[in-house]
Each structure stands twice: as structure tokens, then as C-alpha cells.
Amino acid sequence: MTSTTDFDNVEIAQQYSRINTRFELFDEELDNDNSSARLFERSRIKALADEREAVQKKTFTKWVNSILARVSCRISDLYLDLRDGRMLIKLLEVLSGERLPKPTKGRMRIHCLENVDKALQFLREQRVHLENMGSHDIVDGNHRLILGLIWTIILRFQIQDIIVETGQADQRETYSAKDALLLWCQMKTAGYPNVNITNFTTSWKDGMAFNALIHKHRPDLVEYVKLQKSNPTHNLQHAFNVAEQKLGVTKLLDPEDVFTENPDEKSIITYVVAFYHYFSKMKALAVEGKRVGKVLDHAIETEKMIDKYDTLASDLLIWIEETIVVLNNRKLANSLSGVQQQLQAFNTYRTVEKPPKFQEKGNLEVLLFTIQSRMRANNQRVYTPKEGKLVADINRAWERLECAEHERERVLRDELIRQEKLEQMARRFDRKAAMRKTWIMENQRLVAQDNFGYDLPAVEAAKKKHDAIETDIAAYEERVLALMAMSKELEDEHYHDAKRIDAGKDNILRLWEYLQELLKARRGRLEKNLTLQRIFQEMLHIINWMDEMKARLLSPDFGKHLLEVDDLLQKHALLEADIAVQADRVHSANAAALKFANGDSYKPCDPQVIRDRVQHLELCYQELCALAAQRKARLGQSRRLWNFFWETAELESWIREKEHIFSSLDYGKDLTSVLVLAPPSTGASRGS
């Protein structure tokens, strides 16, 4: 019969040879056949191969770590962490119990090759067949060969020496590694419903086989009758959790790794081997216990262990309950630093206080297992802890502790985030409040200045500038309101320094209201200045008009004949009417101006200046009236003079006419002509 090692090594070589040949055939088919069906099939096969490789990598990584944990070592990446050969040497030392050559120091490739070669040489000495595998493959991170190497190591040190007792005391058969393990699984699960193990792939998909193995050896850990074949994910998760938590078997697989269309055979074999070794060891311990016999010292020691278990269980349960009360306390600090301190204290609890208690919990389980094992070995009634101190009770209390811990962490994290947001908002409030304060105070200084100017254009320009300032301030109100809303939000969220925020808000509000008052007061003063300047402008227009009238009144033209004088008199009458109309305008302007000089409130100008201008306007008007009267008198004199001249001219013309008639020698040649000449003579005589 072929030896186990040689058979399994040949099997490995054949499997990887078939894989390589398959991918080479795939490559040739890709070159010769581009049909979509073949491309899909090849991509599907490639995906399945990649998926299987990923599962193997994860499983083998966990298995390696479970072995290296005995020497407090671990790896993170199977492909990377074995490249320098150090971890490979440690792994083989732990598995074989032998000392391998000391690893070469250094990180260069030559050092890595040398270390890996030492490990491979050791395997060759153990008659492990390593076909087509060299140290450079491991150093270069060849995925397939690294997985093949780990599988070879598992076969050699975990599966090779599996011995299955078939029932005949005088006959033992040595099977191949896989067949022996398969037979062991079949024997242990015989009679279990819904379990039919024929392979290391699909027979394990529903999780019933794993639970049956555990129940066979530890029926107290699995309620097999409650499991349902239709719920494979739950079955797998339950078996894996029980194996890890109760038996200490490292969880090499996850439910999704097994409950799949094509479970990976090597990964399942690796995991099942762990069960085999655990139960074999447990059986060996039981056998060893029976051999010791019923020794009184053991019984006394067992009693002490029971007392110790009772004390430790009580102390642990008290600590759990007290810790749960502390963790459930929702009185959190109302500040970022306070919450950070609470979170730091929580992390200290997790990293410093809790681990020893978790270790105590594990020790309690081990202690109880030891007690019960010893009592069974001595054929004693198995010790059962009091109600409330059972392992299940402790586990339930621990689960409640975990829940309280998780909730405490969530609450602290949420509160930390909330406090960080509040601190950020408070800093943003302070920054914006400082900006608003600076802006408001600058505008207060601006609107407190009455640099309106001293004439109408300047005051009108000042009014436009003031309108622009008012527009800016009105637009800025939205920012002030936003600041108020931020303060309100901090207050509603119970920010720890809300009083300072509220004081800052009140200060901004006072400054803002004072700015509004200053702006309103400045608007009033500006309006008064504008009104006064418009009155001054009106006065100036009146004076300019008066000056024009004076120029006309001072005209030396009093007419060159009577008609022109009459025309000038008519125009002067109209001018006097205009002057009379302007009297109301003058009186109105003076009265309006004097209101700013005589009032007790704000005076936009020196009252004396106003009075001087009023007096000047009044004098100008009086002077204009006097000039109008003078011109009227002069025009009257001119009319009388030109009327005299006209009358004199008329008389002179008449005299000349009469003189001409009287000096004429024409006395008429007939009666008619005499009669024509006679009346004027008569008239002339009457006139004379």
C-alpha cells in the first residue's frame, strides 16, 4: 500500500498539474476560438478558481495564525509574510517540535531565499515531496505554490498520522490522509439525521455535519434536535461560534465560505482536521484521567477548585453587574473635554480593566471543564454550579455587558460628535461675532460723523452716500440674524458655555440697535441739512433773480420818445408785479430758515449765519423795491418830458400850417375856392 505522505504529495502534484494544464488549454482556446460561449465559460472557471484561491488563502492564514499563536506570533498576509522565511521556520518548529537552523538575519533577497531554503530542506528531510517548488517561488510570492506548500505542511503534520479504529481490536487499517479523515467523520456522525458525509465539499454545506461532530463529543454545547437543514447559514454560524467560544477551535471558515455552490475542499479539510485534533486530545485527556484513578488528593483538589470556581464566578458576576450599571449611566459631561475624558476612561476600561476579566471568564470555563473532567475521570457525580453561576449564566451576563459596552460606546461617540459640532459652531460664532462687532463699530464711527458739506451739492452727495450706507446696513441684518440663530441653536443644544455665547449675542444686538439709532438720527440731521441747504439755494435763486432785476432797474434807458416810454412803463408795471410776487417767496424762505436758527433742537448751521442770510435777503429785497420805485419815478418824469415834447411838436406843426395858410396869396378864383379857403381862416381866427 502506498504511504500516506507519498500518496498525498502525488495527489497535490497532480492537482496543481491539472490546474496549470487547464489554464494553458484555456489560453490556447482563447487564441483559437473567440466564441462568446467559450469566453464566458473560461471567465466563469477563472472566477471560480480565484474565489477558491481567496477562500484557501483566508483559511490557511487563520490556520497558520492558530499554530503561531503558541509562540505569540501571527501573520497578516499569507503571500507576503512568509517570503522572508522566518515565519515559515517558526511554523515548522511549532508543528514538528524540533529546532530548525537559526534564520539568517537581514532583509535582502539572498537572506530570504536562504531562510526559505532551510524550511524546504527540513520538509525534504521529513520525506515531504516538493515537486516543482523552490525557495524563489515563495520569496517571489507565487500564490499557487504558497498555497500548495501550506497544504503540504497541513497534510504532513496534521493529517498524515490519522488512525481510525474500525471496531476490530486486532485490526487497524491505515488510509490515505483524506480517506482516513472522511472515515472518521462518517463514524462520528453515523446515525445523525440529515447528515451523510461522502466528501469534503457539498456534504458540509448545510452545517449539520459540523454540529453533529460537536454534539457527538460535547452534547451539552449543541441542541441538535432544534437545528433545521433548511437554515444552513444559521447552522454553520452556530457550529463555528460554539467551536471557537466553547472548544477553542480557531474559526478558520465563515458560513459564506461553505454555503456556496462549490465549497473549497482543502479549506474544509483543514477546518475538520482542527476538530479531529481537538476531540482526539480531549479523548486522550479523558483516557489519561481514568488511568490516574480515584485518588483522594485529586478529590480534595477538585473541591478546592469548586470553591475557587464559586468564588471567582461570584466575583466576576458582581463585577459584571456593577460594570453594567456604570456603563448604563447616561449622565454625560456637557463639554468636549469632559466627553473625551469619559471616552478615554471607557477605552481604559476596554484595554486595561476588561481583558483580565475576559481572561478570568475563560479561566472559569477551563476550570469548570477541568473540574467536570476530573470528576468524570474519578467516576464522581459531575459538579454543576449553582443556579446563576453556570457558564451559560456567566455568558449571558457577559453578553449583557457587551451590549451595555456597545451602547455606551455608541452614546459616547454620538455625544463626542455632537460636542465637536457644538465646539465648531461656537468657534464659528466667536469668529463671526468678532467680525460683526468690528463691522458694526466701524459703521457706528462712520454714521456718527456729520461731514455733510456746506452747500446743496455736497449735502445731496452726502444723502446718496447715506442711502448707500443704509442699504448696506439693511443687507447686513441677515448676517446678524444668522448669528442670532446660531446662538439660539447652541442654547437649544445646551452648549456648556451658552452663557458666554448669549452674552456675545446680547452685545452684538446692543451694538446693532445702537447703530440703527445712530443711523436714524443721522438721517434726521441729514434731512435737516438738506432742507436748510435747499432754503439757502432758494435764497440764492431769489438773490440772483433780484440781481437780474436790479440790472434791469438800473438801466439808463428811459425811452427816446413817448411811445417807448409808455412801453417801458408797461414793462416796469409787470416787473413790479413780479417783485410783489417774490415778496411771498422771500418771506417764506426767511421764515423757513429762521426755524433752524431759533429752534432748541439740532441746528444744522450756525444760527448767526442763517440770520445774516435772512437779513441779507431782506435788504436785497428792500433795495430792489427802492430801485423799482426810483425807476418808476424816473420813467414818470421821462414820460412827462416826452409828452411835453410831443405836445410842443404838435403845436409847432399846427402853427406852421396856419402860418403857411395865412401867408399864401391865393384868395380863390371863384366862390367855391373862396369857400374852401374861408373856413380854416375862420377857424384860425377863432383859434387865435
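Residues numbered from 1 in each chain as written. Predicted model: local features only at pLDDT ≥ 70, side-chain atom pairs only at ≥ 80, totals over all residues. Heavy atoms only, no water.

Note the threshold: UniProt positions are given in the numbering used here, feature names are shortened, and annotations may be inferred rather than shown by experiment.
An unreviewed UniProt entry annotates the protein chain as Spectrin beta chain, non-erythrocytic 1 of Alosa alosa. Note on the protein chain: under the UniProt heading Function (unreviewed entry), the record states "Fodrin, which seems to be involved in secretion, interacts with calmodulin in a calcium-dependent manner and is thus candidate for the calcium-dependent movement of the cytoskeleton at the membrane. Plays a critical role in central nervous system development and function."

A look at the UniProt feature "coiled-coil region" (unreviewed entry) in the protein chain
Put simply, the test is: Secondary structure counts use DSSP, requiring at least four H or I residues in a row for a helix and at least two E residues in a row for a strand, with both numbered from the N terminus.
Annotation from UniProt places "coiled-coil region" (unreviewed entry) at residues 459-493. The distance separating the terminal C-alpha atoms of residues 459-493 is 50 Å; by composition the span is 97% helix and 0% strand.

As for the packing of aromatic side chains
This is how the line gets drawn: Any two rings among Phe, Tyr and Trp, with Trp reduced to its six-membered ring, count as a pair given centres within 6.5 Å; such a pair is stacked if its planes are under 30 degrees apart, edge-to-face if over 60, and tilted if neither. Buried residues are those whose accessible area, probed at 1.4 Å on protein chains only, stays under 20% of the maximum for their type, while exposed residues exceed 50% and partly exposed ones sit between those limits.
Within the structure shown, the criterion is met by 20 aromatic pairs. With a centroid separation of 6.1 Å and an interplanar angle of 80°, the aromatic rings of Tyr309 and Tyr383 are classed as edge-to-face. Pair noted here: Tyr309 is in helix H13 (residues 296-327) and Tyr383 is in the loop between helix H14 (336-377) and helix H15 (391-447), with a separation of 74 residues, a long-range link. Take Tyr309 and Tyr383: they sit in the same class, and that class is buried. When the centroid spacing of 5.8 Å and the interplanar angle of 50° are considered together, the rings of Phe358 and Trp398 count as tilted. Taken as a pair, Phe358 in helix H14 and Trp398 in helix H15 lie far apart in primary sequence, 40 residues in all. Note on Trp398: relative accessible area 4%, which makes it buried.

Some details on unusual backbone geometry
With the exception of glycine, the majority of residues adopt a negative phi angle, and the majority of peptide bonds are in the trans configuration. The backbone of Ser72 sits at a positive phi, close to 60°, despite the residue not being glycine. Within the secondary structure, Ser72 is located in the loop between helix H2 (36-68) and helix H3 (78-81). Residue classification places Ser72 among the exposed positions, given a relative accessible area of 71%. In this model, Asn194 sits at a positive phi of 65°, which is unusual for a non-glycine residue. By the secondary structure assignment, Asn194 is in the loop between helix H8 (177-188) and helix H9 (208-217).

Details of the nonpolar core
We count it as follows: The term nonpolar core refers to a set of buried residues drawn from Ala, Val, Leu, Ile, Met, Phe, Trp, Tyr and Cys, joined through side-chain atoms within 4.5 Å. Between two residues, a contact is recorded if the distance between any of their heavy atoms is within 4.5 Å.
By size, the foremost hydrophobic cluster in this structure holds 81 residues, and its most contacted members are Trp63, Ile150, Ile153, Trp204, Phe210 and Ile214. Considering each element in turn, this core owes the most residues, eleven residues, to helix H7 (residues 143-159). Not counting residues within four places of it along the chain, the set of residues in contact with Ile214 comprises Pro219, Leu221, Val222, Ala239, Val242, Ala243, Leu247, Phe275 and Phe279. In terms of nonpolar packing, the next biggest core, distinct from the first, is built from 29 residues, Met305, Leu327, Leu368 and Ala397 among them.

Focus on helix H16 (residues 456-492)
Basically, it comes down to this: Multiply 1.5 Å by the residue count of a helix minus one, and that product is the helix's expected span. Bend is the name given here to the angle between axes fitted to two runs of seven residues, the run ending at a residue and the run starting at it. Whenever a nitrogen or oxygen atom comes within 3.5 Å of another N or O atom, the pair is scored as a polar contact, on the condition that within protein one atom can donate a hydrogen and the other can accept it, and that pairs from neighbouring residues in sequence are kept only if both atoms are in side chains.
Under the 1.5 Å per step criterion, the end-to-end length of H16 is 53 Å for 37 residues, consistent within 8% with the ideal 54 Å. Roughly 25° is the biggest bend found in H16, and it falls at Tyr476. Between a side-chain oxygen at the N-terminus of H16 and the backbone nitrogen of Ala458 the separation is 2.9 Å; the capping residue is Asp455. Trailing H16 by a residue or two, His494 shows a phi angle of about 60°, which is positive.

As for the pattern of salt bridges
Where we set the bar: A pair is scored as a salt bridge if a Lys or Arg side-chain nitrogen falls within 4 Å of a carboxyl oxygen belonging to Asp or Glu.
This structure, assessed with the given rule, holds 43 salt bridges. For Lys550, the salt bridge identified is with Glu623, shortest N-O distance 3.1 Å. Here Lys550 is found in helix H17 (residues 498-553), whereas its partner Glu623 is found in helix H19 (residues 607-662), with 73 residues between them in sequence. Relative accessible area serves as the criterion here: at 11%, Lys550 is assigned to the buried category. Three or more residues are tied together by salt bridges with common partners; here these are Arg350, Lys354, Glu402, Glu405, Glu409 and Arg413.

Describing the side chain of Thr201
By the secondary structure assignment, Thr201 is in the loop between H8 and H9. Since its relative accessible area comes to 18%, Thr201 is described here as buried. Among all residues touching Thr201, those that are not within four sequence positions of it are Pro263, Glu265 and Ile268.

Digging into a nonpolar patch on the surface
Stated formally: Within the patch definition used here, like charges are joined within 9 Å and nonpolar side chains (Val, Leu, Ile, Met, Phe, Trp, Tyr) within 5 Å, considering only residues with over 30% relative accessible area and no salt bridge. Note on areas: Shrake-Rupley with a 1.4 Å probe; residue coverage comes only from the protein chains shown.
Taken together, the side chains of Leu641, Phe644 and Phe645 define a hydrophobic patch exposed on the protein surface, amounting to about 290 Å² of accessible area. Examined against the element boundaries, Phe644 turns out to sit in helix H19.

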